Number of protein chains: 2
Amino acid sequence: MDAMDRKILARLQADSRASLQEIGAAVGLSASPCWGRIKKLEEAGVIEGYTVRLNPQALGLSDTVLVQVTLDSHSDNTLEKFGEVLATIPEVVEAHLVSGDYDYLLRIVVKDTRDYERLLREKLYKIRGIRHSRSSFVLRTLKKADLPLHGTPP
Amino acid sequence: MDAMDRKILARLQADSRASLQEIGAAVGLSASPCWGRIKKLEEAGVIEGYTVRLNPQALGLSDTVLVQVTLDSHSDNTLEKFGEVLATIPEVVEAHLVSGDYDYLLRIVVKDTRDYERLLREKLYKIRGIRHSRSSFVLRTLKKADLPLHGTPP
DNA sequence: TGTGAAACTAACTGGGG
DNA sequence: CCCCAGTTAGTTTCACA
């Protein structure tokens, strides 16, 4: 993992379909060493996969909701169970255990507020062990950026 | 945007480097119509771009922090200014204006807690107009999933 | 709209500096 | 390690159903 690798990753974050020639030109290398470095980064698990950036609005997914959740118990078992239930709800696209005055933060993506109300009633409120939850709707996204790859390497 | 398009998008979300043959096989189509549909989805802005999924830990970015921010003023101008400042801080990878009892949620990615302390002191605390902020460290990520593409189309 | 084949372009492999 | 040239695989175009 040197500066060249980080340049390549930055280019791939911006556009993972850039050809090896383009990447090479961008970082000052020819295509084959870029290819080798990328393969190494894949094998090392630095690159976990390749995806598309989709526009949720265009897909009819207009609302994203951030839900703060506090559970009754903090046992290993509760966390495990909670994770399992969340895994079965497709609208829950992210779930984090966090420090601070609540326990979990969920990111939920839905069509509209009606859809969210339905989800709350039919799925979230049925989960046992939730002491408290608080929903915040995302009204506007000010920034959505790639990972910062400029710091010194590990 | 029909069911076929959604199948193709689901496949691309899982692996955007799958060949058109693979995608075609997965959705029950030959390569060329898949290509045409993908081009259409790009032009329509449904597909915004192609990226890599990176492992932040492997890049030396071990901590992600969710920061709740409340500003002094709620004017258009304040929002604008705040957005501009955030745009210049690479560690801030996401910033959302949200409803509820705080105003913004920031997602910040840093090397470690020392690095976060430095960021707080040198960057965030220097932003004028912040009334209050509260940091939560992500201790564990229970789920990180693709967008749900099963609902009925727009 | 979809299929299948032809033309083109990019990804991969190996020899040499 | 990197560059360059050859081989293989994938993408893009097009005529036809």
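Summarised in this report is the structure supplied together with it. (Residues numbered from 1 in each chain as written. Chains lettered and ligands numbered in written order. Predicted model: local features only at pLDDT ≥ 70, side-chain atom pairs only at ≥ 80, totals over all residues. Heavy atoms only, no water.)

## Some words on the protein's contact with DNA strand D
Taken together, Leu29(A), Ser30(A), Ser32(A), Pro33(A), Arg37(A), Ser19(B), Leu20(B), Gln21(B), Ser32(B) and Trp35(B) make up the full set of residues near DNA strand D. Of all DNA strand D atoms lying within 4 Å of any protein atom, the proportion belonging to sugar or phosphate reaches 71%. A distance of 3.1 Å separates a phosphate oxygen of DNA strand D from a polar atom in the side chain of Arg37(A). Every element with two or more residues in the surface near DNA strand D is listed here: α3 (31–43) of chain A together with α2 (20–27) and α3 (31–43) of chain B. Sorting elements by how many residues they give to the surface near DNA strand D places α3(A) first, with three residues. Among the residues forming the surface near DNA strand D, the class breakdown is four nonpolar, five polar and one charged. (Near = heavy atom within 4 Å. Polar contact = N/O pair within 3.5 Å; in protein donor to acceptor, adjacent residues only side chain to side chain. Helix = DSSP H or I, 4+ residues; strand = E, 2+ residues; numbered from the N terminus. Nonpolar A, V, L, I, M, F, W, Y, C, P; charged D, E, K, R; others polar.)

## Quick notes on the interface of chain A and chain B
Between chain A and chain B, the contact holds 67 residues from the first and 65 residues from the second. Buried area between chain A and chain B, summed over both chains or domains, comes out near 6,200 Å², and the portion from carbon and sulfur atoms is 59%. Area buried by chain A at its contact with chain B is led by Thr51(A), Leu142(A) and Lys143(A), which between them contribute 12% of it. As a salt-bridge pair, Lys144(A) and Glu94(B) come within 3.6 Å of each other at their nearest N and O atoms. If you look at where chain A meets chain B, you find 39 residue pairs in polar contact (both at pLDDT 80 or more). When contributions to the side of chain A that touches chain B are tallied by element, the ones reaching two or more residues are α1 (3–14), α3, β1 (47–54), β2 (63–71), α4 (76–87), β3 (92–98), β4 (104–110) and β5 (130–144) of chain A. Its residues assigned to classes, the side of chain A that touches chain B comprises 38 nonpolar, 14 polar and 15 charged. (Contact = heavy atoms within 4.5 Å. Buried area = accessible area lost by both parts, 1.4 Å probe. Salt bridge = Lys/Arg side-chain N within 4 Å of Asp/Glu carboxyl O.)

## Some details on α1(A)
Helix length check: α1(A) (12 residues) gives 17 Å between terminal C-alpha atoms against 16 Å at 1.5 Å per residue, within 8%. Listing the buried residues of α1(A) in full gives Met4(A), Asp5(A), Arg6(A), Ile8(A), Leu9(A), Leu12(A) and Gln13(A). Residues of α1(A) that are buried sit in contact with α2 (20–27), α3 and β1 of chain A together with β1 (47–54) of chain B. (Expected span 1.5 Å × (residues − 1). Buried < 20%, exposed > 50% of the residue type's maximum accessible area, 1.4 Å probe, protein only.)

## Some points on empty space enclosed by the protein
The final tally for this structure, using the stated rule, is two cavities of 30 Å³ or more. In this model, the largest cavity occupies a volume close to 80 Å³. Looking at the largest cavity, the residues that line it are Leu66(A), Glu94(A), His96(A), Leu105(A), Arg107(A), Leu66(B), Glu94(B), His96(B), Leu105(B) and Arg107(B). When the residues that make up the lining of the largest cavity are grouped by side-chain class, the tally is four nonpolar, two polar and four charged. (1 Å grid on protein atoms, 1.4 Å probe; cavity = no way out; pocket = protein on both sides within 12 Å on 5 of 7 lines; lining within 4 Å. Points joined across faces, edges and corners; volume = space filled by probe spheres on them.)

## Points about the side chain of Thr70(A)
All names here are of chain A. For Thr70, the position within the fold is in strand β2. Since its relative accessible area comes to 16%, Thr70 is described here as buried. When neighbours within four sequence positions are excluded, Thr70 is seen to be in contact with Asp101, Tyr102, Asp103, Gly129, Ile130, Arg131 and His132.

## Regarding the relation of the copies chain A and chain B
Turning chain A through 180° and shifting it by 0.0 Å along the axis lays it on chain B, with an RMSD of 0.0 Å. The relationship between the two copies is best expressed as a two-fold rotation axis. Among all C-alpha atoms of chain A, that of Thr51(A) lies closest to the rotation axis, at 2.7 Å. (Least-squares fit on C-alpha atoms with pLDDT ≥ 70 in both.)

## Description of the pattern of salt bridges
Residues and elements named next belong to chain B. Under the criterion given, the structure shown has 24 salt bridges over all chains. The partner of Arg107 in a salt bridge is Glu94, with the nearest N and O atoms 3.1 Å apart. Of this pair, Arg107 sits in strand β4 (residues 104–110) while Glu94 sits in strand β3 (residues 92–98); the two residues are 13 residues apart in sequence, bridging distant segments of the chain. Each of the two residues, Arg107 as well as Glu94, counts as buried. With its nearest N and O atoms 2.8 Å apart, the salt bridge here joins Glu117 to Arg121. Residue Glu117 and its partner Arg121 are both found in helix α5 (residues 113–122); the two are separated by four residues, about one turn of the helix.

## A few points about the protein's contact with DNA strand C
In the vicinity of DNA strand C, the contacting residues are Ser19(A), Leu20(A), Ser32(A), Trp35(A), Lys39(A), Leu29(B), Ser30(B), Ser32(B), Pro33(B) and Arg37(B). Sugar and phosphate atoms form 74% of the subset of DNA strand C atoms that lie within 4 Å of the protein. Between DNA strand C and the protein, one listed contact pairs a phosphate oxygen with a side-chain N or O atom of Ser30(B) at 2.8 Å. Here Arg37(B) contributes a side-chain N or O atom positioned 3.0 Å from a phosphate oxygen of DNA strand C. Within the residue set of the surface near DNA strand C, elements represented by two or more residues are α3 of chain A together with α3 of chain B.

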